[in-house]
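# Remarks on the overall topology
If you want the building blocks of each chain, they are given just below.
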Amino acid sequence: MPLPADGAPASATALLESGTSSRRLARISLGSCADQTRPQPIWDALLADRPDLHLFGGDNVYASQPPWQRGKLQAAYAHQEAHLGFARLRARCPHLALWDDHDYGLNDGGAGFAQRAESKAEFLDFWRVPAADERRQREGIYHARRYGPPGQQVQVLMLDTRWFRSDWQPTDQRDAPGKQRFVPSADRSRTMLGEPQWRWLQDRLAEPAGLRLIVSGIQVIAEGHGYEHWGLFPHEQQRLLDLIGQTRAQGVVLLSGDRHIGAVYRRSRGTAYPLTELTSSGLTHAWAAAQEPGPNRLGELVRVNHYALIDIDWAQRGLNLIHRDEQGRTVQQHRLGLDELRSA
C-alpha cells in the first residue's frame, strides 16, 4: 500500500500539505529502541490497542557500529521492514518518526558525525518523506504536525537532538552514580537544537493547540543520571522551559526515548506550569537491571519491553499516560488534567 507523507496510510485521513489534519485524536502510541536483529512480538499488542497515531521515538534501527557504512544502514532498515508486525503498523496506522543516535549513525553522536547527510537521506527515504517536504530542503529532520478540530487540536513537535547538537562534556568518573558517561557543561556556546531549529520551535509554540506533544530523542527533564539528557546543557534546558512560558504554550507534555526504560517525570522548578515527561524506550531490549534515584520521577522504572499510550479524554479534559508490556498488559498508568497544563 503506498504511503503519503509521514506514513499516513492511503486508506486513512492523510495529512494536508500544510501539516494539519481535521482528524480528532483520542489515542497516541509511542515507542523507541527497536533492534532489527531481535524478535519483535510487541507490534501485535500495540496494533491491538488501535492508536490513532503512532510516534517512532528514535533508535528505530541499530546501525551505529563503527566504521559507519551507508550499506549497513540500508540493510538495517531492510531488516526492520521485514518484521511483519512493524510492516502492518506502518500500513495501517498514521505515524511520525524522528531519529536518535543509533539510527542517526553514531553512539551518543551530535553535529560532529561526518556522515550525517548520508544518514539523513536514508532516513527520509525509509520513512517515505516526499521530495517537496521541507525536511529535504533544510538541515536536520525536525518537523511538526497538527491534528483535530478547533478546541481539540493536538500539536506534535518532533525535535532533532542530533544534527545540531554540540559535544557533551565527558565524565571524570565513568560509571559513578549521576556521572556515568557525561557531566553538565557551563559552556553557553554549546547548543542542543541549533538556532534554526530554535527559531522554528518558537514559531510553532505560538500556534494554537489544546495539547502539545514535544518529542525529543533524549530525556528532557529527567534527573539523577549521567547519560544523555537535556540537563547536561542546563542553559539549553532552561531555554526550552522559558520558551514554553514566553509563548504561553498551554498543554505541553514531553515525550522521550533512548534510555531502555519507561518512566514518568515531573518538574515544577523554573517552569510556567508543572511539566510532565513520558519516557518509553525498550521495544525489543529494555534494561532489566536499571537502577537510578529518579528524584523527580513519579512511580517506578519500567524495566520490561514496552510501549506507551497517551489516551485523551476530551470530554473530561484528561490524559492517561500508560506503559504496556509485550502482551498489552498495563504496567503503570498516570492521570493528568488538561487544565493543569497552562500558566495561571
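Everything numeric in this text was worked out from a predicted model, so none of it was measured. (Residues numbered from 1 in each chain as written. Predicted model: local features only at pLDDT ≥ 70, side-chain atom pairs only at ≥ 80, totals over all residues. Heavy atoms only, no water.)

Considering the arrangement of structural elements, one finds Arg-162 in the loop between strand 6 (154-158) and strand 7 (169-170). Overall, Arg-162 belongs to the buried group, its relative accessible area being 0%. Here Glu-228 takes part through its side chain, which lies 2.8 Å from a polar atom of the side chain of Arg-162. (Helix = DSSP H or I, 4+ residues; strand = E, 2+ residues; numbered from the N terminus. Buried < 20%, exposed > 50% of the residue type's maximum accessible area, 1.4 Å probe, protein only. Polar contact = N/O pair within 3.5 Å; in protein donor to acceptor, adjacent residues only side chain to side chain.)

Moving on, we get to the sheet that holds strand 11 (residues 262-267). Strand order in the open sheet formed by eight strands is 1-5-6-9-10-12-11-13, and the pairing between neighbours is mixed. One side of each edge strand has no neighbouring strand; the edge strands of this open sheet are strand 1 (20-21) and strand 13 (297-302). Judged from the five bridges that link them, strand 9 (residues 211-216) and strand 10 (residues 252-256) form a sheet pairing that is parallel. Bridged to Arg-212 within strand 10 is Val-252. Contacting strand 5 (143-147), strand 6 and strand 9, helix 6 (residues 195-205) crosses the sheet at an angle of about 175° to strand 6. Strands in contact with helix 7 (residues 234-246) are strand 9, strand 10, strand 11 and strand 12 (275-280); relative to strand 11, the strand with the most contacts, it is inclined by about 65°. (Pairing = 2+ DSSP bridges. Contact = heavy atoms within 4.5 Å. Axes fitted to C-alpha atoms, helices over the stretch in contact; angles between N-to-C directions.)

As a packed pair, helix 2 (residues 70-81) and helix 5 (residues 116-126) sit with axes 10 Å apart at the nearest point and diverge in direction by 20°. When the axis of helix 2 is compared with that of helix 5, the two are roughly parallel. Like other packed secondary-structure pairs, helix 2 and helix 5 cross with a definite hand, here right-handed. Between helix 2 and helix 5, the contacting residues are Arg-70, Leu-73, Gln-74, Tyr-77 and Glu-81 on the first element and Glu-118, Ser-119, Ala-121, Glu-122, Phe-123 and Phe-126 on the second. Among the residues forming the contact of helix 2 with helix 5, the class breakdown is five nonpolar, two polar and four charged. (Parallel < 35°, antiparallel > 145°, perpendicular 65-115°, else oblique. Left-handed = near helix turned anticlockwise from the far one by under 90°. Nonpolar A, V, L, I, M, F, W, Y, C, P; charged D, E, K, R; others polar.)

It is worth spelling out the environment of Gln-115 at this point. For Gln-115, the location among the structural elements is in the loop between helix 4 (101-104) and helix 5. Given the relative accessible area of 28%, Gln-115 is considered partly exposed. For Gln-115 and Arg-70, which are 45 residues apart along the polypeptide, the C-alpha to C-alpha distance reads 8.6 Å.

The mixed open sheet is built from six strands, whose spatial order is 4-3-2-14-15-16. Taken across any chain shown, the strands that pair with only one partner, and hence form the sheet edges, are strand 4 (95-97) and strand 16 (330-337). Here the strands of the sheet are splayed against their neighbours by 15° on average, with no regard to which way each runs. Two elements, strand 2 (residues 27-31) and strand 3 (residues 53-56), share four bridges in a ladder whose sense is parallel. The partner of Gly-31 across the bridge, within strand 3, is Phe-56.

What follows covers helix 7. Between its first and last C-alpha atoms helix 7 spans 18 Å; for 13 residues at 1.5 Å apiece the expected length is 18 Å, and the two agree. Residues of helix 7 that are buried include every one of His-235, Glu-236, Gln-237, Leu-240, Leu-241, Leu-243 and Ile-244, and no others. Of the surrounding elements, those touching the buried residues of helix 7 are helix 6, strand 9, strand 10, strand 11 and strand 12. Trailing helix 7 by a residue or two, Arg-248 shows a phi angle of about 55°, which is positive. (Expected span 1.5 Å × (residues − 1).)

This part takes up the nonpolar core. Judged by nonpolar contacts, the single largest core of 93 residues is most densely connected at Leu-55 and Leu-201. Ignoring any residue separated from it by four or fewer positions in sequence, one finds Leu-201 in contact with Leu-157, Leu-159, Leu-193, Leu-240 and Leu-243. (Core = buried A, V, L, I, M, F, W, Y, C linked by side-chain atoms within 4.5 Å.)

In this section: the packing of aromatic side chains. By convention here, two paired aromatic rings are described through the distance between centres and the angle between planes. On inspection of all chains with the given rule, the structure shows 20 aromatic pairs. When the ring of Phe-56 is compared with that of Trp-127, the centres are 4.7 Å apart and the planes differ by 45°; the resulting orientation is tilted. Linking Phe-56 in strand 3 with Trp-127 in the loop between helix 5 and strand 5, this pair joins segments that are 71 residues apart in sequence. Sitting over the ring of Phe-126, Arg-90 keeps its end group 4.4 Å from the ring centre. (Phe/Tyr/Trp six-rings, centres within 6.5 Å; stacked < 30°, edge-to-face > 60°. Lys NZ or Arg CZ within 6 Å of the ring centre and 35° of its normal.)

Here Pro-66 and Pro-67 are connected by a cis peptide whose omega angle stands at -5°. Along the chain, Pro-67 falls in the loop between strand 3 and helix 2. With a phi angle near 70°, Cys-33 is a residue other than glycine that sits in the positive phi range. Note on placement: Cys-33 falls in the loop between strand 2 and helix 1 (42-48). The exposure class of Cys-33 is buried, given its relative accessible area of 0%.

Remember that the coordinates give geometry; whether it matters functionally is a separate question.
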